[in-house]
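# Per-entry structural report
Here are the chains, one letter per residue:
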Amino acid sequence: MGPTRAQFVQYAPAALAVVPLVAGPWSALAAAAAGAGAWAVGASAPVLRSLIACGLTTTGCGIAAHEVLASGMNPLIALGLAVPAGAAALAHHRNLAGHMPAAALTPATLATGAATATGQTSQAQLITAWWREYISGPTQTEGRVLIQAGANLEHLGLEIDSDHVAFTGIITLPQGQQVRVKAADIASVYQVPVSQIELGDPKHHAPNALPVTVHLKVPAEQPQIAAGAPTTPEELWAAYVGVPEGAMPGTSLTLTRYDGPLDWEGIATRDRRAIGTVNLQDLAGNLDLETIQIALAPGDKPSQMGIRVMREHALMHGTMLSSVLDELSMDSRGYVRAGTYVDGRAALLPLAQPGSGARHLYLVGGSRSGKSGLLEQILLSAHRSGIAVILASPQAGTIAGASLSAYLGDGLDEAMGALRLAYAMMLDREARYRSPAFPFTDPLVLVVIDEAHMLLSASSPYHDEAKAIVEQLTRRSLKRGIGVVLATQTPLAEDLGNSTVIRSQLLIGGGAVFLRCAKGQGSLVGANAVEGAEGIDLSRIPSQWPGQYAKVADRDMSGLATEVAAAPEDGTFGLGYLLTPGSQAVQFRSLHLDVPPVSLAGGERPVGIEDCDAWRERDAVAQTRMVDKRGKNLIGSLADLLAAAEAAPSSQEPAAHHTPAGPHAVPGPARPGGAPAASDGQELIKPRILELLQEHSIPMTAETIARKLEIPATRVKPRLSELKKRGEITNENGLWRAA
């Protein structure tokens, strides 16, 4: 068996060092032969240059030695000429080691690695160098951010067999720090699948020392295939997907990466015809896979589409909110970071359109889907981008980042008031800025409506008014710098008040995020169809990753860990689809909230709304009904709205005597004929409100005050406005307190 290519390149110079003593000028031919051989076996350019230099040195020494012997001089002089040739050979060996290619990290080179002066083999040095370059430092290439500075790889060990190559070690940090290096990070550095990375369980190890095993090469799986059945992905595609009754008829598959039957990527192509929309459920059925194991990546050509099949989902370990803090602020195009696509690219949401105005967002997600976390993230991005927020939260106390809003409507009645204020702000800006080319010297405003179905559905007491206002906002507000973020639990039409206007305007004016929904309520087909998201059933997004149930079955009886935080792999929170205008919905996952978003606001006050008529009269506006009793004839001008707001408190007082008297009702002086004086009775409520706020010295919503006093909220709210005008109480973001 002849020498290998690496052996030839390494040991040819050593032979050249001996040739001068015996071959004389013929050493030139030997050097040329060695150089030609190195070129033929494909040596790198640095190796070829080193070999040529060694050959020239050897040739010169050979010619000089031959002349010395021919002239009868001392033979020891000729022998001494071999020293430069040997030095050239040694230099070549050092050059060869200094230019070891990335491909050297293979079973062959690992098996033949020699120990160096530092005690590590050349392969171990290469593994350590890659770790320091991309993960721990201090070495850092310009423009690249280390994964976790200081997370060194200690106690490195190599395991080498004919069909298996791996290394083990311990990720070590100084005492008091926690290892944050993920399996996906290591896999990207050493260019292996995530499934070949084994990290120790943090529960069983110190936070600053985590064992790791990286399998650089594993035996190829040999699936058991029935005789005559399709075996490769291309054959499976041709047999089940590309056929007329398949999910993508007329297409063929070209693999771009294959790491096993459950871990491959490819491109589906249809000959000079557009592929169109793809039903993800049908495709998963054709390939006998779960929906969560497949991801589609539409390309620039309508006749091609990227396909990815995953053994372990690429988004299982998530992206930490704190790691992308700089990407949460709006960029020059109006986009903010919302999460990560399945292919590892940043998933971006538009909050504004330069030169045009704001953008809308339609957000769908059921309980425990990650919807509230994404809303908190949007509130933080708005805060960091100088965007004011009007928050309508019918289900009180559900948004942890509510303190970042300029106006908070917390509770059903208050949320309706926030919608009225948003509509008034739009009318105010329309009155002040007639031209659509308004330069937006006033701040952009986001109207965030959480649990919008509680206001818009037909069963809501505010259905007609809320539907009319939201329709007008989604149609007219973008040019005035006001965007709508509307969140519901399902994509069903009734959650939007059966309004096709609201859904179409939301999708046209921005984008949509679809997260997991309850069974039977997540289908985006039929009456709930959304262009670009055809075939997606949000109820098929599982609540747990495959194999998670087995982990839960392993009980830990050591007691409740009060300081343990949820990890991304503990559930599929935030996993869904992101749809931007003119594109296909792409699988993504929102950022994992490893820290509360509100804590990243730096304690700064919320971005304020400009001083204008609608904002100055916000309390009265929030209590003014803006449609007639039939739900029609929405107030259409700012002047009419302010006039109605001014008349609203007095018009509501005469009806107060129809409220049944409760145990704490305060009787007023009798009128002639025995009727109580309603105005006096209303006046006696104010001292009780003031006494309550002074006694508790904590801010309260209007509904909380009404509940504690056992008085209807409709009677409390006008009194709060009157007390505020007298300067006895204050209102900040919907929370009332004594002045």
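We now turn to the structure provided with this report. The structure displayed is predicted, hence computed values, not measured ones. (Residues numbered from 1 in each chain as written. Predicted model: local features only at pLDDT ≥ 70, side-chain atom pairs only at ≥ 80, totals over all residues. Heavy atoms only, no water.)

## Describing the overall build of the protein
Spelled out, the test is: Each helix corresponds to a stretch of at least 4 residues labelled H or I by DSSP, and each strand to a stretch of at least 2 residues labelled E; elements are numbered beginning at the N terminus. Should any heavy atoms of two residues lie within 4.5 Å, those residues are counted as being in contact. Only the protein chains shown count as covering a residue, and every accessible area follows the Shrake-Rupley method with a 1.4 Å probe.
A tally of helices and strands in the protein yields 23 helices and 22 strands. Pairs at least 24 residues apart make up 64% of the contacts formed inside the protein by residues separated by at least 6 positions. Of the roughly 35,800 Å² of accessible surface on the protein, 55% is carried by carbon and sulfur atoms.

## Some points on empty space enclosed by the protein
Short version of the rule: Cavities and pockets were defined on a 1 Å grid built over protein atoms only: a cavity is a set of grid points that admits a 1.4 Å probe from which the probe cannot escape, a pocket is an open set flanked by protein on both sides within 12 Å along at least five of seven lines, and lining residues are those with an atom within 4 Å of any such point. Grid points are joined across faces, edges and corners, and a volume is the space filled by probe spheres set on the points. Any residue outside Ala, Val, Leu, Ile, Met, Phe, Trp, Tyr, Cys, Pro, Asp, Glu, Lys and Arg is labelled polar, Gly included; the first ten of those are nonpolar and the last four are charged.
If you walk through the whole model with that rule in mind, you get three cavities of 30 Å³ or more. Looking at the largest cavity, its volume works out to about 90 Å³. Around the largest cavity, the lining residues are Val 278, Leu 280, Ile 294, Ala 295, Leu 296, Glu 534, Ile 536, Tyr 577, Gln 584, Ala 585, Val 586 and Gln 587. For the lining of the largest cavity, the elements supplying multiple residues, two or more each, are β7 (294-298) and β20 (586-590). Across the lining of the largest cavity, the residue classes break down as nine nonpolar, two polar and one charged. Taken together, Thr 291, Ile 292, Asp 537, Arg 540, Ile 541, Pro 542, Leu 575, Tyr 577 and Gln 587 form the lining of the second largest cavity.

## Topic: the pairing of strand β22 (residues 735-738)
Note the following rule: Strand pairing follows a simple DSSP-based rule, namely that at least 2 bridges must link the two strands.
With four bridges joining them, strand β21 (residues 729-732) and β22 adopt antiparallel strand pairing. Bridge pairing in β22 places Asn 731 opposite Trp 736. Counted between consecutive antiparallel strands, the loop separating β21 from β22 contains two residues, among which Asn 733 sits at a positive phi close to 55°.

## Regarding the pairing of strand β10 (residues 346-350)
The pairing of strand β9 (residues 335-341) with β10 spans five bridges and is antiparallel. Bridging from a neighbouring strand, Tyr 335 pairs with Pro 350 of β10. Hairpin connection from β9 to β10: four residues lie between these consecutive antiparallel strands, with Gly 344 at a positive phi of about 95°.

## Things to note about the side chain of Ser 477
The cut-off we apply is this: Think of it in three bands: with a 1.4 Å probe and only protein chains considered, a residue is buried below 20% of the maximum accessible area for its type, exposed above 50%, and partly exposed in between.
By the secondary structure assignment, Ser 477 is in the loop between α14 (463-476) and β17 (482-488). Taking the relative accessible area as the measure of exposure, Ser 477 reaches 0% and is therefore buried. Leave out the neighbours within four places in its chain, and Ser 477 touches His 360, Met 426, Gln 472, Ile 482 and Val 484.

## Some details on helix α11 (residues 371-384)
Stated precisely, the cut-off is as follows: An expected span of 1.5 Å times one less than the residue number is assigned to each helix.
Taking 1.5 Å of rise per residue, the 14 residues of α11 would be expected to cover 20 Å, and the 20 Å separating its terminal C-alpha atoms lies within 8% of that figure. Among the 14 residues in α11, twelve count as buried, and that is most of the element. Just downstream of α11, Gly 386 is the residue with a positive phi angle, here 75°.

## A closer look at the environment of Tyr 240
Here Tyr 240 lies in helix α9 (residues 233-241). Distance from Tyr 240 to Pro 230, taken between C-alpha atoms, is 9.6 Å for residues ten residues apart in sequence. Not counting the four nearest positions on each side in its chain, Tyr 240 is found in contact with Pro 230, Gly 246 and Asn 286.

## Concerning the packing of helix α22 (residues 702-709) against helix α23 (residues 713-725)
The geometry of a pair of packed helices is captured by two quantities: the angle between their axes and the separation between those axes. Formally: Interaxial angles span 0 to 180 degrees and are taken between N-to-C directions of axes, which are lines fitted to C-alpha atoms, for helices over the stretch in contact. By the definition adopted for this analysis, an angle is roughly parallel if under 35 degrees, roughly antiparallel if over 145, roughly perpendicular if from 65 to 115, and oblique otherwise. Here is the rule for handedness: rotate from the far helix to the near one, and if that takes an anticlockwise turn smaller than a right angle the crossing is left-handed, while a clockwise turn gives right-handed.
Put simply, α22 and α23 touch, their axes get as near as 9 Å, and they point 120° apart. Classified by the interaxial angle, the pair formed by α22 and α23 is oblique. Considering the relative orientation of α22 and α23, their crossing is right-handed. Within the contact between the two elements, α22 uses Ala 702, Ile 705 and Ala 706 and α23 uses Ala 713, Val 716, Lys 717 and Leu 720. Among the residues forming the contact of α22 with α23, the class breakdown is six nonpolar, no polar and one charged.

## Quick word on the sheet that holds strand β1 (residues 152-160)
The sheet built from four strands is open, its strands ordered β1-β2-β4-β3 with antiparallel pairing. What marks the edges here is a single partner per strand, and that holds for β1 and β3 (197-199). Ignoring strand direction, the axes of neighbouring strands in this sheet form an average angle of 15°. Pairing analysis gives eight bridges linking strand β2 (residues 165-172) to strand β4 (residues 209-217), with the strands arranged antiparallel. By the bridge assignment for β4, Val 165 is matched with Lys 217. Contacts between helix α8 (residues 183-190) and the sheet are confined to β2, β3 and β4, with β3 contributing the most and set at about 145° to the helix.

## Structural notes on the nonpolar core
Here is the rule: Put simply, buried Ala, Val, Leu, Ile, Met, Phe, Trp, Tyr and Cys residues joined by side-chain atoms within 4.5 Å make one nonpolar core.
Counting residues in hydrophobic clusters, the biggest one holds 87 residues, and the most contacted among them are Met 248, Leu 283, Ile 449, Leu 486 and Phe 514. With eleven residues, helix α12 (residues 412-432) is the single largest residue contributor to this core. Excluding anything up to four places from it in sequence, Ile 449 contacts Ala 392, Leu 419, Leu 455, Val 470, Val 484, Val 485, Leu 486 and Ala 487. The next biggest cluster of nonpolar side chains, apart from the first, holds 38 residues, and it includes Ile 387, Ile 399, Leu 446 and Val 448.

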